[in-house]
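# Residue-level structure breakdown
One letter stands for each residue in the lines below.
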Amino acid sequence: MDLLQRFALGEIDAFETLARQFQGEIYAWTVRIVRDPGTAEDLTVETLWRIYRARQQFRPDSNFGAWARRIATNLALDHLRHTRPEQVLEVEPAGAPQPDRLVAREMREKIQQAFHRLPPKLQVAATLALVEELPYEQIAEALGISVGAVKVRVFRAVRILRSRLSQLGIKPE
Amino acid sequence: MNMDKDNDRQIRDALKRSFSPVNTELRRDLWPDVLRKLDASSVRVPWYDWALGGLSAVAFLVFPQLVLVFAYHL
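Let me sum up the structure you'll find in this document.

About the thresholds
Residues numbered from 1 in each chain as written. Chains lettered and ligands numbered in written order. Predicted model: local features only at pLDDT ≥ 70, side-chain atom pairs only at ≥ 80, totals over all residues. Axes fitted to C-alpha atoms, helices over the stretch in contact; angles between N-to-C directions. Helix = DSSP H or I, 4+ residues; strand = E, 2+ residues; numbered from the N terminus. Parallel < 35°, antiparallel > 145°, perpendicular 65-115°, else oblique. Left-handed = near helix turned anticlockwise from the far one by under 90°. Contact = placed C-beta atoms within 7 Å. Nonpolar A, V, L, I, M, F, W, Y, C, P; charged D, E, K, R; others polar. Buried ≥ 20, exposed ≤ 12 C-beta atoms within 10 Å, placed from the backbone. Core = buried A, V, L, I, M, F, W, Y, C linked by C-beta atoms within 7 Å. Domains from an automatic or database assignment.

Residue and element names in this part refer to chain A. Put simply, helix α4 (residues 64–81) and helix α6 (residues 120–131) touch, their axes get as near as 9 Å, and they point 125° apart. Judged by the angle between their axes, α4 and α6 are oblique. Viewed along their axes, α4 and α6 form a crossing whose handedness is right-handed. Residues T73, A76, L77, L80 and R81 of α4 pack against P120, K121, Q123 and V124 of α6. Looking at side-chain class alone, the contact of α4 with α6 contains 5 nonpolar, 2 polar and 2 charged residues.

As structure tokens, then:
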């Protein structure tokens, strides 16, 4: 019996092998969405736990990695829904700020704030497609939607951002 | 139309510049944490079991003769 079949039957040793094999991949996917290593670690543990609990729904002939990514994406989406936008600002590395760097940092922060106020579904699609530049097919699979729907979400995210930034008087160069 | 496209491209570029790259390397083995979570969840009694137990206790207190019916069916 192969590893995936043993996992689907609830063998903990098979699950351990799979968890160790895929934890890095799940973490890498999650951290790209939530952009915080600690949160991504917690969500990876939660993803693996949910994978084990949902093992009976897994078909051993399907792609384990894609299934794991889908569960991880749903958890990351839930996390974004429950996180206030102010909590997710990225921190600039320490150093003496120069005037032009200050302006650039201010613009960066405003763009980030506007971005984190997007609906989480749009935020995830835009992060993976525009910031991480991942293939649309992979994003579509993880979100459980079509490639066309991903493109629509990215388009809507860009349009909303454009309108919010122009309200703030920011014109990106 | 072309201006819209240019603006959209500027937004996309600005977005990419605004987010620093994340390190996607996992720093530690998470299996011990997963195992702890699995152990914790396996001993947890679900809420409906508590509710069922509570209802049974109330039923036995209100109708003590139910204990005999229950014992007969065991």
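Moving on from the model shown.
Think of interface size as the accessible area that goes away when the parts come together; that is how it is often given. The interface is formed by 29 residues belonging to chain A together with 22 residues belonging to chain B. Only α2 (12–34), α3 (37–53), α5 (99–116), α6 and α8 (147–167) of chain A provide two or more residues apiece to the side of chain A that touches chain B. Looking at side-chain class alone, the side of chain A that touches chain B contains 16 nonpolar, 4 polar and 9 charged residues.

Moving on, we come to the environment of R117 of chain A. All names here are of chain A. In this fold, R117 is placed in the loop between α5 and α6. On the basis of neighbour counts, which here come to 14 C-beta atoms within 10 Å, the residue R117 falls in the partly exposed class. For R117 and A72, which are 45 residues apart along the polypeptide, the C-alpha to C-alpha distance reads 21 Å.

What follows deals with the nonpolar core. One recurring pattern in soluble globular proteins: nonpolar side chains tend to sit buried together. Judged by nonpolar contacts, the single largest core of 49 residues is most densely connected at A76, A125, A126, A129, V154, A157 and L161 of chain A. Broken down by secondary-structure element, the contributors of at least two residues to this core are α2, α3, α4, α5, α6, α7 (136–143) and α8 of chain A together with α1 (2–18) of chain B. With 10 residues, the single largest contributor to this core is α2 of chain A. Two domains each donate at least three residues to this core, and these are domain 1 (3–81) and domain 2 (95–167) of chain A. Setting aside residues up to four positions removed in sequence, V154 of chain A forms contacts with A125, A126, A129 and L130 of chain A.

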